Amino acid sequence: MLKNNLTALVTTVAFVCLLSLFCVFSEGFSAIMPFVLIIVFSICSAVAEKEYVVLSGAVCTFLSYLICRDEVIVYTAIISALAGLVVGIMMKRESSLMTLTVASATGFAVLYAVYILILARMTGYSSLNEIFDALTKAMVTTMSAVDKKMAETVPSLMKNFRDLFPSVVMISSVTMGYITVFVTGKILSLVNRRVAVDVGFSKFKADTLTIVIFVISMAVTIFAGYGKTGIIAENIYLVLSFILQMCGLSLLDWFLKNRKKMNVFLRILIIFALNAIPLVSVMFVMAAILDARRDFRRLNPIE
């Protein structure tokens, strides 16, 4: 066990140092560093004891700062190590795929929030609203030179985007969270490490609490108007709609895989094609709600 712990520690530190060097010579690589780091720390956590994961996170954070001299990299290393620690531990236990994805997504959401705060400080703005106001003014000025009528629509469009920006961040976090979990699980399987959670897309299933919050947020969105309460409810509704849609698509993937014996490429093609149709997307949400109660796939409910 000590050998595995030390191997995981040394490999993680060496890999993170290599990633930091890539970031020094290629700024574009920094964009995918959070994704890669959470995978690296998740694998480390899955094969080593948590004390060694914490130690590797501390060493990686220190060395990353020495290499890059960039506080963004430091925050990325710290948060990625914590998120990876949680994901790796949960992969060794009987956790649901949804819970595992939410844990991973939380790491990405925290990272995005930190990046926004750093961006606001670097640009001299005190809040996200000020950043959006500056972007709106810049876009109006640019569009006015091209089409004045189109420029008049920019403030209302930017206001809607600003109000719904939290849901954009959370949906992005959930997407990246599952991709991270999927890649981590597949890598661990390739190196013959036991993974207690099946990371296949066909294993997504909603729980009763998610559905209740979804229904409440939808009702509040409809009846509360466009005040602060309505905006908060709409953000929650959009995020949960996306999650339920994923669960509905997961049910379709399971059906095509187990009942129709379709290969993965054909399943992906069908899922993407159907997901592009708005009415069908609503049907996937309804299917997820029905599956949560009927359990068509005989999965353990997340209660």
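Residues numbered from 1 in each chain as written. Predicted model: local features only at pLDDT ≥ 70, side-chain atom pairs only at ≥ 80, totals over all residues. Heavy atoms only, no water.

(A) Highlighting the side chain of Thr12. Mapped onto the elements of the fold, Thr12 is located in helix α1 (residues 2-25). Contact partners of Thr12, with chain neighbours within four places excluded, come to Val40, Phe41, Cys44, Ser56 and Cys60. (Helix = DSSP H or I, 4+ residues; strand = E, 2+ residues; numbered from the N terminus. Contact = heavy atoms within 4.5 Å.)

(B) Main features of unusual backbone geometry. Phi is positive for Asp295, close to 55°, though the residue is something other than glycine. Mapped onto the fold, Asp295 is located in the segment after α12 (278-294). Its relative accessible area of 16% is what places Asp295 among the buried residues. (Buried < 20%, exposed > 50% of the residue type's maximum accessible area, 1.4 Å probe, protein only.)

(C) Examining α12 more closely. Here α12 spans 25 Å end to end across 17 residues, near enough to the 24 Å set by a 1.5 Å rise per residue. What α12 keeps buried is the set Val280, Ser281, Phe284, Val285, Ala288, Ile289, Asp291 and Ala292. Of the surrounding secondary structure, the elements contacted by the buried residues of α12 are α9 (208-223), α10 (228-258) and α11 (264-275). At the C-terminal side of α12, Asp295 shows a positive phi close to 55°. (Expected span 1.5 Å × (residues − 1).)

(D) Local environment of the environment of Ile231. Structurally, the position occupied by Ile231 is in helix α10. C-alpha of Ile231 to C-alpha of Pro155: the two residues are 76 residues apart in sequence and 17 Å apart in space. Setting aside anything within four residues of it in sequence, one finds Ile231 in contact with Asp163 and Tyr226.

(E) Spotlight on the pattern of salt bridges. As enumerated under the stated definition, the model contains four salt bridges in all. Note that Asp253 and Arg267 form a salt bridge whose closest N and O atoms lie 2.7 Å from each other. Pair noted here: Asp253 is in helix α10 and Arg267 is in helix α11, with a separation of 14 residues, a long-range link. Like Arg267, Asp253 is buried. The partner of Asp291 in a salt bridge is Arg297, and the shortest N-O contact between them spans 2.6 Å. Among the residues examined, Arg297 registers a relative accessible area of 7% and is labelled buried. (Salt bridge = Lys/Arg side-chain N within 4 Å of Asp/Glu carboxyl O.)

(F) Looking closely at the packing of aromatic side chains. All chains considered together, the criterion is met by nine aromatic pairs. For the pair Phe132 and Phe165, a centre-to-centre distance of 5.5 Å together with 75° between the ring planes defines the contact as edge-to-face. Pair noted here: Phe132 is in helix α6 (residues 128-144) and Phe165 is in helix α8 (residues 165-190), with a separation of 33 residues, a long-range link. By the burial criterion, Phe132 is buried, and Phe165 matches it. (Phe/Tyr/Trp six-rings, centres within 6.5 Å; stacked < 30°, edge-to-face > 60°.)

(G) Geometry of the side chain of Ser241. Structurally, the position occupied by Ser241 is in helix α10. Residue contacts for Ser241: discarding those within four places in its chain leaves Phe214 and Val285.

(H) Inspection of the environment of Tyr226 at higher detail. Note on placement: Tyr226 falls in the loop between α9 and α10. The contact partners of Tyr226, leaving out residues within four places of it in the chain, are Lys159, Asn160, Asp163, Ile231 and Glu234.

(I) Highlighting the packing of α9 against α12. At a minimum axis distance of 10 Å, the contact between α9 and α12 shows a crossing angle of 140°. Taken together, α9 and α12 sit at an angle that is classed as oblique. Once α9 is placed against α12, the crossing between them reads as left-handed. Seen from α9, the contacting residues are Thr208, Ile211 and Phe214; seen from α12, they are Val285, Ile289, Ala292 and Arg293. Tallied by class, the residues present in the contact of α9 with α12 amount to five nonpolar, one polar and one charged. (Axes fitted to C-alpha atoms, helices over the stretch in contact; angles between N-to-C directions. Parallel < 35°, antiparallel > 145°, perpendicular 65-115°, else oblique. Left-handed = near helix turned anticlockwise from the far one by under 90°. Nonpolar A, V, L, I, M, F, W, Y, C, P; charged D, E, K, R; others polar.)

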